[in-house]
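# Analysis of the macromolecular model
Each chain is listed here by its residues.
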Amino acid sequence: MSKKMKCGPVVNDDSIVRLKRFITGEMYGLDMKLVIQKVLYESDMKKDQNRLNMPIKQLVTKPHEFLTDDEIRMVDKDGIEVRVVGSMMQMYARPLWLKKWPMKKSDNYVLKTNWNNFVVDNEGLKKETMIQVWAFRKDRQLCFAIVHVERTDAVNDAA
């Protein structure tokens, strides 16, 4: 599908409630912030690209609200290693890297390195699936959570 899909209003369904409960209750994670709600595009799923693209213009939370000044500098330069919680409500065994990629139209943050493995190990992550990416702190370390949510535009299209 070549046209960009609209993500609609921010979804707050059972999967988000479970995620928040897991991160704040079981993991003792702090400072949860929604970074982006987006539809997974073919480019996010291509094995040869091995990355999740998050256009900065589409972020729900501004970078300085979930990244420290030091992290912003590191992400701009070489990137930083981050841990990620997936759909199984557990910390993924392999770290990913958060990096800023300058592009012609808009700069992007990408989660890369081990992204393909993360997709395989977390059912429900497919092309045209809507996801939310959340940032949080565990022992002051930046972490992310990626969860599949119901597509609001699919419901609207069916009407």
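Residues numbered from 1 in each chain as written. Predicted model: local features only at pLDDT ≥ 70, side-chain atom pairs only at ≥ 80, totals over all residues. Heavy atoms only, no water.

Looking only at helices and strands, one finds 6 helices and 7 strands in the protein chain. Reading the secondary structure of the protein chain in the N-to-C direction produces α-β-α-β-α-α-β-β-β-α-β-β-α. Going through the 159 residues of the protein chain one by one, you find that 47% of them count as buried. The long-range fraction of contacts in the protein chain, counting pairs at least 24 apart against all pairs at least 6 apart in sequence, stands at 64%. (Helix = DSSP H or I, 4+ residues; strand = E, 2+ residues; numbered from the N terminus. Buried < 20%, exposed > 50% of the residue type's maximum accessible area, 1.4 Å probe, protein only. Contact = heavy atoms within 4.5 Å.)

Here we come to the packing of aromatic side chains. Tallied over the full model, the rule gives 4 aromatic pairs. For the pair Phe 66 and Phe 144, a centre-to-centre distance of 6.3 Å together with 75 degrees between the ring planes defines the contact as edge-to-face. Taken together, the residues Phe 66 in helix H3 (residues 63-66) and Phe 144 in strand S7 (residues 141-149) connect sequence positions 78 residues apart. Between Trp 115 and Phe 118, the aromatic rings sit 5.7 Å apart at their centres with planes inclined by 25 degrees, giving stacked as the arrangement. You can see Trp 115 and its partner Phe 118 sitting in helix H5 (residues 115-121), 3 residues apart, about one turn around the helix. As far as the burial class goes, Trp 115 and Phe 118 line up, both buried. Ring pairing ties together the aromatic residues Phe 66, Tyr 109 and Phe 144, which thus form one cluster. (Phe/Tyr/Trp six-rings, centres within 6.5 Å; stacked < 30°, edge-to-face > 60°.)

The next point concerns the pattern of salt bridges. Considering all chains together, one arrives at 8 salt bridges under this definition. Salt-bridge contacts for Lys 33 lead to Asp 31; the nearest nitrogen and oxygen are separated by 2.6 Å. Residue Lys 33 is classed as partly exposed on the basis of its relative accessible area of 24%. Given a relative accessible area of 47%, Asp 31 falls into the partly exposed group. Asp 107 is the partner of Lys 100 in a salt bridge, and the nearest nitrogen-oxygen pair spans 3.7 Å. For Asp 107, a relative accessible area of 28% puts it in the partly exposed group. Taken together, the salt bridges that share partners define one network made up of Lys 38, Asp 44 and Arg 51. (Salt bridge = Lys/Arg side-chain N within 4 Å of Asp/Glu carboxyl O.)

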